Amino acid sequence: VQLQASGGGLVQAGGSLRLSCAASGWTSSRYVMGWFRQAPGKEREFVAAISWSGSSTGYADSVKGRFTISRGNAKKTVYLQMNSLKREDTAEYYCAAGRSYSDIVRTKIGYYHYWGQGTQVTVSS
């Protein structure tokens, strides 16, 4: 399974960005997918996740109401719409996938076995 993330960039506080992650190399779409982020000097943290069908989503408290995760129709692309960005959202963002027979959200980093390269999001004041 390969994951390719894109869409990061520099944006002013209050602005928006949309991250995308395209998956390839799997024969089943039963993968929960998520976004994590890591700021300099900090541990990687959970941001958002979506179940394999797209029917369930979960968010970190820090992004609830501002970020929206979704999946494309073919279930192999996941998006993270980020609105009302704050300086504290500045980080390297990673998409991840984990095989899941249950159609539920997974928030634990250890559940995800496949990772894309990061995409940098920088929010300026």
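Above this note sits the structure.
The structure reproduced in this document is the subject of the present report. (Residues numbered from 1 in each chain as written. Predicted model: local features only at pLDDT ≥ 70, side-chain atom pairs only at ≥ 80, totals over all residues. Heavy atoms only, no water.)

A few words now on the pattern of salt bridges. Applying the stated rule across the entire model yields four salt bridges. Of the charged contacts, one joins E45 and R37 as a salt bridge, the two residues approaching to 2.7 Å between their closest N and O atoms. We classify E45 as partly exposed; its relative accessible area is 37%. Assessed through its relative accessible area of 5%, R37 is described here as buried. The residue D89 makes a salt bridge to R66 at a minimum N-O spacing of 2.7 Å. In this pair, D89 is assigned in the loop between β8 (77-82) and β9 (91-99) and R66 in the loop between β6 (57-59) and β7 (67-71), connecting sequence segments 23 residues apart. (Salt bridge = Lys/Arg side-chain N within 4 Å of Asp/Glu carboxyl O. Buried < 20%, exposed > 50% of the residue type's maximum accessible area, 1.4 Å probe, protein only. Helix = DSSP H or I, 4+ residues; strand = E, 2+ residues; numbered from the N terminus.)

This next bit is on the sheet that holds β7. In space, the four strands of this open sheet follow the order β1-β3-β8-β7, with antiparallel pairing throughout. With partners counted over all chains shown, the strands left at the sheet margins are β1 (2-6) and β7, one partner each. If you compare each strand with its neighbour and ignore which way they point, the axes differ by 15° on average. Looking at chain direction, β7 and β8 are connected through five bridges and run antiparallel. Pairing of R71 across the sheet is with V78, part of β8. (Pairing = 2+ DSSP bridges. Axes fitted to C-alpha atoms, helices over the stretch in contact; angles between N-to-C directions.)

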